[in-house]
Amino acid sequence: MTLGLKDLYYSVITEGQDGTEEYGTPKKMAGAMTADLSISTADGNLYVDDALAITISEFANGTLKLGVDDLTPETTAEILGQTVDGNKVVWASGDDEPPYIAVGFRAKKTGGRYKYIWLLKCRAKVPAEKYETKGDSINIQTPEIELTIMRRTKDGNWKADYVGTPDSDTAATWFTAVPEKAENITTA
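So, how was this worked out
Residues numbered from 1 in each chain as written. Predicted model: local features only at pLDDT ≥ 70, side-chain atom pairs only at ≥ 80, totals over all residues. Heavy atoms only, no water. Phe/Tyr/Trp six-rings, centres within 6.5 Å; stacked < 30°, edge-to-face > 60°. Helix = DSSP H or I, 4+ residues; strand = E, 2+ residues; numbered from the N terminus. Buried < 20%, exposed > 50% of the residue type's maximum accessible area, 1.4 Å probe, protein only. Core = buried A, V, L, I, M, F, W, Y, C linked by side-chain atoms within 4.5 Å. Contact = heavy atoms within 4.5 Å. Patch = residues over 30% accessible without salt bridge, like charges linked within 9 Å, V, L, I, M, F, W, Y side chains within 5 Å. Areas by Shrake-Rupley, 256 points an atom, 1.4 Å probe, with all protein chains shown as cover. Salt bridge = Lys/Arg side-chain N within 4 Å of Asp/Glu carboxyl O. 1 Å grid on protein atoms, 1.4 Å probe; cavity = no way out; pocket = protein on both sides within 12 Å on 5 of 7 lines; lining within 4 Å. Points joined across faces, edges and corners; volume = space filled by probe spheres on them.

*Asks:* How do you make sense of the packing of aromatic side chains when you look at a structure like this?
*Replies:* Enumeration according to the criterion identifies 8 aromatic pairs in this entry. The interplanar angle of 10 degrees and the centroid separation of 4.4 Å between the aromatic rings of F59 and W158 together place this pair among those described as stacked. Of this pair, F59 sits in strand 5 (residues 51–68) while W158 sits in the loop between strand 10 (144–149) and strand 11 (159–164); the two residues are 99 residues apart in sequence, bridging distant segments of the chain. The same class applies to F59 and to W158, which are both buried.

Next comes the structure, spelled out in structure tokens:
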């Protein structure tokens, strides 16, 4: 159970010399309103002697739809591969290539805990924009941006999440760098 959503960050990925992902310093993306995460799996079944013997389900890809209060022109340009000129005008081109990014946020849980999440490799799509004239009441328009989630090259991981209190060591550094797997691995 979650009770909220806050602290939406992104980190631009560059490709290392060995072809694996290297993360830049996380930056605040926008004020978070909604995060709708949906996952697609590749599934397979093996039938033996007229019965299901083995079933396999693996992560294929995912979609993250983010509702945000606003995206600054600089953030929009960076996550969509657009350019900003000396007058701070954002230029969108048919040749724009959005970079791969990691997206992190946290959702409040009961007992003073939060669920911290990083989606480790995503690519943003150009968001739809809606404009509406003011009438007798004001309807606030906010952007929604959709990202495709994929596995990262170096280890196949696509998500890291952690549940804990904000004063824990893991939570204290969650938005300063995209986390990497610790050496002491345990299985659930």
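*Asks:* Looking at this structure, I do not really get the environment of G86. What am I missing?
*Replies:* Of note, G86 is situated in the loop between strand 6 (83–84) and strand 7 (90–91). With 55 residues separating them in the primary sequence, G86 and G31 have C-alpha atoms 26 Å apart.

*Asks:* Can you help me understand the nonpolar core in this one?
*Replies:* Soluble globular proteins: nonpolar side chains tend toward being buried together. Ranked by size, the top nonpolar core spans 22 residues in total, and within it M29, L64, L66, I101, V103, L119 and L147 carry the most contacts. Elements supplying a minimum of two residues to this core: strand 1 (6–15), strand 3 (27–30), strand 5, helix 1 (73–80), strand 8 (100–108), strand 9 (114–124) and strand 10. Non-local contacts of L119, meaning those with residues more than four positions away in its chain, are made with L37, L64, I101, A102, V103, F105, I149, W158 and K159.

*Asks:* Sorry if this is basic, but what is going on with a nonpolar patch on the surface here?
*Replies:* Together, L46, V48, I54 and I56 make up a nonpolar patch on the protein surface, roughly 330 Å² of accessible area in all. Every element with two or more residues in the nonpolar patch is listed here: strand 4 (32–48) and strand 5. By the secondary structure assignment, I56 is in strand 5. Residue class for I56 comes out partly exposed when judged on its relative accessible area of 47%.

*Asks:* Quick question: what am I supposed to make of the layout of surface pockets here?
*Replies:* One water molecule sets the probe size; rolling that probe over the atoms shows where empty space is left. The volume enclosed by the second largest pocket comes to roughly 410 Å³. Lining of the second largest pocket is provided by 16 residues; of these, D70, A128, E129, Y131 and P143 occupy positions nearest its centre.

*Asks:* Any chance you could explain the environment of Y114 here in plain terms?
*Replies:* Relative to the helices and strands, Y114 is located in strand 9. The exposure class of Y114 is buried, given its relative accessible area of 10%. Residues Y114 and T2 lie 112 residues apart in sequence; the distance between their C-alpha atoms is 8.1 Å. In this structure Y114 touches K6, R106, A107, K108, K109, Y162, V163, G164 and P166, once residues within four positions along its chain are discounted.

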